[in-house]
Amino acid sequence: MLTPERHERIIETVRNNQTASIKQLVEVTQASESTIRRDLDELEKQGHLRRVHGGASIKQSAADEPAMKEKQTKYQREKRAIASYAASFVKDGDSIFVDAGSTTYEMIPFLKQKDIIVVTNGLDHLLALTEHGIRTYVLGGLVKSRTGAVVGAGALQNLKQYRFDNCFMGVNGITLEDGFTTPDPEEAAIKQRTLQISRERFILADHTKFGETSFTQFADIHEADIITNNNGTTYKDYAEKTNIKVVTT
């Protein structure tokens, strides 16, 4: 396969799947890993994609934020496996915070048999939690139309009264250098404050979030444990900086 054709195949694969591992690209191009790595470096320089840990993803603006409905349709199996494992850390009697994210949303069915108190800033989460009969408090403030997340001064004020055994947070980007990031500074403020008042802190993130950086940092990499899925990626570098649990899907 000639280089231009191989590059076209790589770009098509990444765009169709939002992300692609080096192993996947080796399979679709029949090229060596070293060739694929060189191709990805070149395609990133040309602005066609973004290099991430173990592969590549589509190039997005750091301020871009997908709508909740869009996020809920992607990597559902992976998110469900991550959420199921995360829910195993919740014990009867716990008070927890469940962040407004698509992966944290998947936790809710796994919490329904537990005697717990949940605080959330997600309107979709609020409806699902109450449908499952879980005692739930929702933060008051500005509602973001795209994601249904509650943010702003009112939400931060509400948080002052709470202390959590566990918090479970979504994220848009994770890198060793920039830590945990999200597009919206107001939502970042909610995440940052919640981490500060939680005894155990968990970031729920599928493999596509690694190597990505969004507009606003809300924590350094060592400030929370990570629960993610196994897609063949090695997370050794991250495991040296924080606790990371890789769930098989």
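Details of the structure are given in the entry above.
Residues numbered from 1 in each chain as written. Predicted model: local features only at pLDDT ≥ 70, side-chain atom pairs only at ≥ 80, totals over all residues. Heavy atoms only, no water.

### A closer look at helix α7 (residues 123–131)
And step 1. Buried within α7 we find His125, Ala128 and Leu129. All buried residues of α7 fall inside an arc of 100° around its axis, so they share one side. What points out from α7, more than 90 degrees from its buried face, is the exposed set Leu127 and Glu131. (Buried < 20%, exposed > 50% of the residue type's maximum accessible area, 1.4 Å probe, protein only. Helix = DSSP H or I, 4+ residues; strand = E, 2+ residues; numbered from the N terminus. Arc of directions from axis to C-beta.)

### With respect to the side chain of threonine 13
And step 1. As for its placement among the helices and strands, threonine 13 is situated in helix α1 (residues 3–17).
And step 2. Among the polar contacts made by the side chain of threonine 13, one reaches the main-chain carbonyl oxygen of arginine 9 at a distance of 2.8 Å.
And step 3. If we ignore the near neighbours within four places in the chain, the residues touching threonine 13 are Ala20, Leu25 and Val28. (Polar contact = N/O pair within 3.5 Å; in protein donor to acceptor, adjacent residues only side chain to side chain. Contact = heavy atoms within 4.5 Å.)

### A word on the sheet that holds strand β3 (residues 55–57)
Adjacent strands of a sheet pair through backbone hydrogen bonds, lying either parallel or antiparallel.
And step 1. Strand order in the open sheet made by the three strands is β1-β3-β2, with antiparallel pairing throughout. Edge positions in the sheet fall to β1 (19–21) and β2 (50–52), since each has one partner strand and no second. Neighbour to neighbour, the strand axes of the sheet diverge by 25° on average, direction disregarded.
And step 2. Relative to β3, β2 runs antiparallel, the two sharing three bridges. Bridge pairing links arginine 50 to serine 57 in β3.
And step 3. Relative to β1, α1 is tilted by about 120°, and along the sheet it contacts β1 and β3.
And step 4. Most of the contacts of helix α2 (residues 22–29) go to β1, to which it runs at about 80°, and overall it touches β1 and β3. (Pairing = 2+ DSSP bridges. Axes fitted to C-alpha atoms, helices over the stretch in contact; angles between N-to-C directions.)

### Description of the packing of aromatic side chains
And step 1. Enumeration according to the criterion identifies nine aromatic pairs in this entry.
And step 2. Where phenylalanine 89 meets phenylalanine 202, the ring centres are 4.7 Å apart and the plane angle is 35°; that geometry is what we call tilted. Residue phenylalanine 89 is located in the loop between α5 (76–87) and β4 (95–98), and its partner phenylalanine 202 is located in strand β12 (residues 198–204); the two are separated by 113 residues in the primary sequence.
And step 3. Phenylalanine 89 gets classed as partly exposed once you look at its relative accessible area, which sits at 30%.
And step 4. Of the residues examined, phenylalanine 202 reaches a relative accessible area of 3% and is grouped as buried.
And step 5. Ring plane angle 55° and centroid distance 6.4 Å describe the contact between tyrosine 137 and tyrosine 162, whose orientation is recorded as tilted. Note that tyrosine 137 is positioned in strand β6 (residues 135–138) and tyrosine 162 in the loop between α8 (153–159) and β9 (164–169), a separation of 25 residues in sequence.
And step 6. Among the residues examined, tyrosine 162 registers a relative accessible area of 17% and is labelled buried. (Phe/Tyr/Trp six-rings, centres within 6.5 Å; stacked < 30°, edge-to-face > 60°.)

### A word on the nonpolar core
And step 1. Phe97, Leu139, Ile174, Phe180, Ile203 and Phe218 are the most contacted members of the largest nonpolar core, which has 28 residues in total.
And step 2. For this core, the secondary-structure elements that each account for two or more residues are β8 (150–151), α8, β9, α9 (185–196) and β13 (216–219).
And step 3. Look past the residues within four positions of phenylalanine 97 in its chain and what remains in contact with it is Val119, Thr120, Asn121, Leu139, Leu159, Phe164, Asn166, Cys167, Phe168, Met169, Ile190 and Thr194.
And step 4. Judged by nonpolar contacts, the second largest core, of 21 residues, contains Ile82, Met107, Ile108 and Leu129. (Core = buried A, V, L, I, M, F, W, Y, C linked by side-chain atoms within 4.5 Å.)

### Section: the side chain of glutamate 187
And step 1. As for its placement among the helices and strands, glutamate 187 is situated in helix α9.
And step 2. Accessibility expressed as a relative area gives 3% for glutamate 187, which makes it buried.
And step 3. Within the local environment of glutamate 187, its side chain forms a polar contact with the side chain of lysine 144, the two groups lying 2.7 Å apart.

### Thoughts on helix α3 (residues 33–45)
And step 1. Here α3 spans 19 Å end to end across 13 residues, near enough to the 18 Å set by a 1.5 Å rise per residue.
And step 2. Those residues of α3 hidden inside the fold are in contact with α1, α2, β2 and β3. (Expected span 1.5 Å × (residues − 1).)

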